[in-house]
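# Structural features, examined
Given next are the chains, with one letter for each unit.
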Amino acid sequence: MKKGKKSGKWIVISIIILALIIAGYFVFFGPKPLLAPTDVKISVGNANPTITNLVPPAPVGLNAGTFTDVTTIHFTARDSNGASDLNDATAKATFTKSGETNRVGSCTANPPVGKTKTYDCTVRMEYYDKYGTWNVAVYVEDSKAASATDSSTFDVNLLQALDVAATIDLGTVNPGATDTISSAITITNLGNAEPPTYPVIITANDLIGVTTPSESIPIKIGGITNNFLASTNAGTACSDITLTDATAVPLTGVALPRGATGNTQSLYFCIKSIPEISVQDYSATWTLEL
Amino acid sequence: MDTRTIKLSFVILAILLVNIGFVLSLSVSSPYYKDKPLEMYPGQEREILFSVQNCPSLAESCNAEDIKVVVNIEEGSEIAQITSGESYTIDYGSNENIKLKMKIPSSIAIGTEYSVKFTVASVPEGSGGVQLGLKYNVEFPIIIKNQSDIPIVQTSINTGNEEGNNIGFITIIILLSVVILIIAITLYKFVQKGR
């Protein structure tokens, strides 16, 4: 019985050793040995860049009659293949608003940090770009032309800006003259506010004698209740818009659209009747409003 | 025409002939306007800026002189106050800020609407003839809302910071490795002592 037990034990040990030898053969020397040296090939594909942070501009205040460079646009791009895989030349920022010309600007890269780069962009806006909410989109490509984009919004301020002659030239005036028409004054809209939302208004006053203030060239004279008139056309200057003493009068028909062209308007003034007045200086201050 | 009439005509002619070519170029930039109300909450105080410019384009047609400007509140003085003064001298080619301090009463009802209006007007410098001044009407509504309904002005939009997350992950791995190494060394020494 003891002998049988012993022989059984040896049989189990022999089987285990045999199993290990067989397994060892397949692991080390078999047709496809598990631990044999082999070439491992892994293809790493191009990873698309991503934009991880976008700082849109603070509200933009435009400069009257000239451009404004908006420099407060920053974005951070990341490429898993490394920051050097980002193509800096393709980085750009674009401002858009429905009905407006797109404004596109370039960006410069800061030194990379890990796999990211932060870009500082400059976009040039014009004085006539519409006020309100604009969209800003940033864009960059990597060396394989895979791209990343992101967008946000920002505000453009209202810009009320007129360019106008500081004096009105009434030319040669004789006492008793009628229908004296001024030279044209040119009004230019150098902002983004425009009529009719922002109408052009004029307030006229009597021309007062400097030495003898009791004498004047008044708005109301004799039978003429409206002695001063205005028009965008010299031919109708004495019959178009009647001005009222010290009262704001809208200059209807004055088109001053915002834009690089067509944003000017000529304006003529008429004095219906010059009274018989003394020899002295006559002056007044009129105000043009927007 | 007698001598008196000729003299009168000449004098009035001399008076009303004015120099032309002098152009006034004044402008105002406003962050709030008719279509863009300012939203505030009861008890809130804040300052807003309006920029007044004198020919920033430096165009040759502009009068290369300072412009004197007067600012007047015409509406909304119960909540708005000009803190930067009523008179300004704007240098040629530069700009000045008008500071408007807004203060909403704490007891005001939600939904109340105010209107603030002020004017920015040039002060004519010349004399004689008809001087033309420029005036701008700056007007904007103020809507009172709950504080929670007023968005915080966000200057940075974060769409995720992947690089930051990776750095955090790597840091945790390194820390864990160090801890495991310390435990292993301690155990090894303990076993060595036991022998």
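Nothing here was measured: the structure is a model prediction, and the numbers come from that model. (Residues numbered from 1 in each chain as written. Chains lettered and ligands numbered in written order. Predicted model: local features only at pLDDT ≥ 70, side-chain atom pairs only at ≥ 80, totals over all residues.)

Looking now at the overall build of chain B. Along chain B, the regular secondary structure elements total 2 helices and 10 strands. Going from N to C terminus, chain B has its helices and strands arranged as α-β-β-β-β-β-β-β-β-β-β-α. Within the span of chain B, comprising 195 residues, buried residues form 25% of the whole. In chain B, the share of contacts with a sequence separation of at least 24, taken over all contacts with a separation of at least 6, comes to 73%. (Helix = DSSP H or I, 4+ residues; strand = E, 2+ residues; numbered from the N terminus. Buried ≥ 20, exposed ≤ 12 C-beta atoms within 10 Å, placed from the backbone. Contact = placed C-beta atoms within 7 Å.)

Of the regular secondary structure elements, chain A holds 1 helix and 19 strands. The buried share of chain A, reckoned over its 290 residues, is 37%. Contacts in chain A between residues far apart in sequence, at least 24 positions, make up 70% of those at least 6 positions apart.

All right, on to the domain arrangement of chain A then. Residue and element names in this part refer to chain A. Segmentation of chain A into domains returns domain 1 (50–156) and domain 2 (162–289). Between domain 1 and domain 2, the C-alpha centre-to-centre distance is 47 Å. Between domain 1 and domain 2, the residue contacts involve 9 residues of the former and 8 residues of the latter. A breakdown of the residues in the side of domain 1 that touches domain 2 according to their chemical character gives 5 nonpolar, 1 polar and 3 charged. (Domains from an automatic or database assignment. Nonpolar A, V, L, I, M, F, W, Y, C, P; charged D, E, K, R; others polar.)

Before going further, it helps to examine the nonpolar core. Counting residues in hydrophobic clusters, the biggest one holds 94 residues, and the most contacted among them are Val138, Leu159, Leu162, Val164, Ala230 and Leu243 of chain A together with Leu132 of chain B. Beyond its immediate chain neighbours, meaning those up to four positions away, Ala230 of chain A contacts Ile202, Ala237, Asp240, Ile241, Leu243, Leu251, Leu267, Tyr268 and Phe269 of chain A. (Core = buried A, V, L, I, M, F, W, Y, C linked by C-beta atoms within 7 Å.)

Our next topic: the pairing of strand S7 (residues 95–103) of chain B. Sheet topology places strand S3 (residues 45–54) of chain B next to S7 of chain B; 9 bridges connect them, and they run antiparallel. Note that in S7 of chain B the partner of Ser51 of chain B across the bridge is Asn97 of chain B. (Pairing = 2+ DSSP bridges.)

All names here are of chain A. Along the chain, Lys92 turns up in strand S3 (residues 86–96). Each C-alpha atom of the pair Lys92 and Val60 lies 19 Å from the other, and the pair is 32 residues apart in sequence. Beyond its immediate stretch of four places on either side in the chain, Lys92 contacts Val104, Gly105, Ser106, Cys107 and Tyr139.

The next subject is the confidence of the model for chain B. Residues and elements named next belong to chain B. On average, residues of chain B score 79 in pLDDT, and 75% of them reach the 70 mark or higher. Confidence drops under pLDDT 50 across residues 1–20; counting only partners more than four residues distant or on other chains, this segment forms 28 contacts. Segment residues 154–170: pLDDT under 50, and 21 contacts once partners within four positions in sequence are set aside and those in other chains are kept. Across the interfaces of the predicted complex, the ipTM metric reaches 0.78, alongside a pTM of 0.77. (pLDDT = per-residue confidence, 0-100.)

Another aspect to go through is the environment of Asp150 of chain A. Here Asp150 of chain A lies in strand S7 (residues 147–156). As for Asp150 of chain A and Ala137 of chain A, which are separated by 13 residues in sequence, their C-alpha atoms are 5.7 Å apart.

Excluding glycine, residues mostly carry a negative phi; peptide bonds, for their part, are mostly trans. Residue and element names in this part refer to chain A. Backbone torsion omega between Pro195 and Pro196 reads 5 degrees, so that peptide bond is classified as cis. Along the chain, Pro196 turns up in the loop between strand S11 (185–189) and strand S12 (201–203). Its identity as a non-glycine residue notwithstanding, Ala145 has a phi of 65 degrees, on the positive side. Looking at the element boundaries, Ala145 is found in the loop between strand S6 (132–142) and S7.

This part is about the environment of Gln53 of chain B. Within the secondary structure layout, Gln53 of chain B lies in strand S3. On a C-alpha basis, the gap between Gln53 of chain B and Ile90 of chain B in space is 7.0 Å, while along the polypeptide they are 37 residues apart. The contact partners of Gln53 of chain B, leaving out residues within four places of it in the chain, are Asn63 and Ala64 of chain A together with Ser27, Ser29 and Asn95 of chain B.

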